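Okay, here's what each chain looks like letter by letter:
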Amino acid sequence: FIWDGEAAKRLRHVEMIGEVVGDKSVVFAGDFNAEPGPSLEKLEQSSKFMGRLQRVVLPENTMTGLTGDFSKQVCIDHVYTSPDLPPLRAAALAKPANPWGGRVTR
């Protein structure tokens, strides 16, 4: 999804997915480009589709991605499930790393 500066477009993308999914049970996951907190909560509360799902909470301090210049780890990837599909456990299977060996871009 698009970054926080374009939150309205991200909401529209989520709503388009919700229109296709309808009320079916779903596991919905991806790079939301939003860390847990106000921005992600606003997306969850603003979307009828997201509002019916539950976010799978990763263990504290789990990082799933990198900033745009690869300099810092962030938690921007999220998994949501329908209430009838409760997660048994949650964990990131790998740590994010710079694909260019640690050099910061720009």
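The structure contained in this document is the topic of the report that follows. As the structure is a prediction and not an experimental result, all values here were calculated from the model. (Residues numbered from 1 in each chain as written. Predicted model: local features only at pLDDT ≥ 70, side-chain atom pairs only at ≥ 80, totals over all residues. Heavy atoms only, no water.)

A closer look at the pattern of salt bridges
Moving on, step 1. A complete count under the given rule lists two salt bridges for this structure.
Moving on, step 2. Arg12 is the partner of Glu19 in a salt bridge, and the nearest nitrogen-oxygen pair spans 3.2 Å.
Moving on, step 3. With a relative accessible area of 55%, Glu19 lands in the exposed category.
Moving on, step 4. Note on Arg12: relative accessible area 42%, which makes it partly exposed.
Moving on, step 5. For Arg55, the salt bridge goes to Glu44, with nearest N and O atoms at 3.0 Å. Here Arg55, found in strand 2 (residues 54-56), pairs with Glu44, found in helix 2 (residues 38-46); they are eleven residues apart in sequence, far enough to count as distant.
Moving on, step 6. On the accessibility criterion, Arg55 (28% relative accessible area) is partly exposed. (Salt bridge = Lys/Arg side-chain N within 4 Å of Asp/Glu carboxyl O. Buried < 20%, exposed > 50% of the residue type's maximum accessible area, 1.4 Å probe, protein only. Helix = DSSP H or I, 4+ residues; strand = E, 2+ residues; numbered from the N terminus.)

Section: the nonpolar core
Moving on, step 1. Listed in full, the twelve residues of the largest apolar core are Val14, Val21, Val26, Phe28, Phe32, Ala34, Leu40, Leu43, Phe49, Met50, Leu53 and Tyr80.
Moving on, step 2. Counting only elements with at least two residues in this core, the list comes to helix 1 (7-21), helix 2 and helix 3 (48-51). (Core = buried A, V, L, I, M, F, W, Y, C linked by side-chain atoms within 4.5 Å.)

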